[in-house]
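Structure assessment
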Amino acid sequence: MKKFALAFAGLLALTACGSQATSNSDQSATQPAASSAAAGGTDQTSATLTIFAAASLKNVFPKIYEEFKKTHPNYTIEFSFGGSSELATQINNGAEADVFASANEKQMTVASDAGNVDAAGTRIFATNTLTLVTPPSNPAGITTLEDVTREGVKLVVCAEQVPCGAATKQLAEATGFTFTPVSEEQKVTDVLAKVTSGEADAGLVYVTDAAGAKDKVKVVDTPEANKIVNKYPIAVTKSARQGAQAFVDFVLGEQGQSMLQDAGFGAPR
């Protein structure tokens, strides 16, 4: 009887040890994940951000995003490029956007005055000027800005309400030239498209668009436009999601600025 009692006691002890080992094993299996979260490891926050940006940024902003996501892999960015006046109107009408990058300060003011972007956080991130471009063959023989005022020359410009159009108006006022365009477009990329397709003899576009078009256009020296500078502001919207300010900061940072200047944009001023 004594031997049976000892054996039974031993069996109970082994069962208890086994239960404790199983419990400890289960706890240790879940502990590393909890410890990692408590230690504040890689930020697991993710979001899809929508960036409203001027059409003249269409070539460079996606490249900036490629660099941005190397250090912010959890954020996906979708771009909506267009005329800045159109984008400001969309934002004021409730379109979902996290960041607004305008081609001039006027359209940023339109959005900020309506309370839809962070006015206090708005920063100038680039500058741009106009230049004249023709098709590579230059069928109208244009060599100066004044040449586009000749009768029969098919000139295309931006509409006055968009930044490149406002700059074109300033250029006309500064030079005293009368431009009689055959078409006024809502964004600078449409002006460029009409020139590259041969629909126009000449077009006034940003120097960055001319550079991006490469051998699809011939650039005519336009020194008269050098003093008419568009300043590009950027800001997060009132409904911006987490990560929006990080993208703005990247654009304003050393790497973003270097990429903008490589694309032909001037430094902020």
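Just so it is clear, the structure is predicted and the values come from calculations on it, not from any experiment.

Bringing the pattern of salt bridges into the picture now. Summed over all chains, the structure comprises 7 salt bridges. Of the charged contacts, one joins Lys-187 and Asp-190 as a salt bridge, the two residues approaching to 3.4 Å between their closest N and O atoms. Judged by relative accessible area, which is 26%, Asp-190 ranks as partly exposed.

Inspection of every chain in the model, using the stated rule, returns 1 cavity of 30 Å³ or more. For the largest cavity, the calculated volume is near 70 Å³. Along its surface, the largest cavity is lined by 14 residues, and Gly-83, Ser-84, Ala-103, Pro-163 and Val-188 are the ones closest to its centre.

In the predicted model, the protein chain carries a mean pLDDT of 87, and 84% of its residues have values of at least 70. Contacts for the low-pLDDT stretch residues 1–43, under 50 throughout, to residues beyond four places or in other chains number 4 contacts.

Another aspect to go through is helix 8 (residues 244–252). What helix 8 keeps buried is the set Ala-244, Phe-247, Val-248, Phe-250 and Val-251. Viewed along the axis of helix 8, the buried residues span an arc of 160°, placing them on a single side of the element.

This part is about helix 9 (residues 254–262). Buried within helix 9 we find Gly-256, Gln-257, Met-259 and Leu-260. End-on, the buried residues of helix 9 take up no more than an arc of 160°, which puts them together on one face. Turned more than 90 degrees off the buried face of helix 9, the exposed positions are Glu-254 and Asp-262. Looking at the buried positions of helix 9, the neighbouring elements they touch are helix 2 (61–71), strand 4 (123–128) and helix 8.

This part is about the nonpolar core. Formed by 63 residues in total, the largest nonpolar core has its most connected members in Leu-57, Phe-61, Ile-64, Phe-125, Leu-132 and Val-148. Residues contacting Ile-64, with those up to four places away along its chain left out, are Phe-247, Phe-250, Val-251, Gly-256, Met-259 and Leu-260. With 10 residues, the next largest nonpolar core counts Phe-52, Ile-91, Met-108 and Ala-235 among its residues.

Basis of the calculations
- Residues numbered from 1 in each chain as written.
- Predicted model: local features only at pLDDT ≥ 70, side-chain atom pairs only at ≥ 80, totals over all residues.
- Heavy atoms only, no water.
- Salt bridge = Lys/Arg side-chain N within 4 Å of Asp/Glu carboxyl O.
- Buried < 20%, exposed > 50% of the residue type's maximum accessible area, 1.4 Å probe, protein only.
- 1 Å grid on protein atoms, 1.4 Å probe; cavity = no way out; pocket = protein on both sides within 12 Å on 5 of 7 lines; lining within 4 Å.
- Points joined across faces, edges and corners; volume = space filled by probe spheres on them.
- pLDDT = per-residue confidence, 0-100.
- Contact = heavy atoms within 4.5 Å.
- Helix = DSSP H or I, 4+ residues; strand = E, 2+ residues; numbered from the N terminus.
- Arc of directions from axis to C-beta.
- Core = buried A, V, L, I, M, F, W, Y, C linked by side-chain atoms within 4.5 Å.

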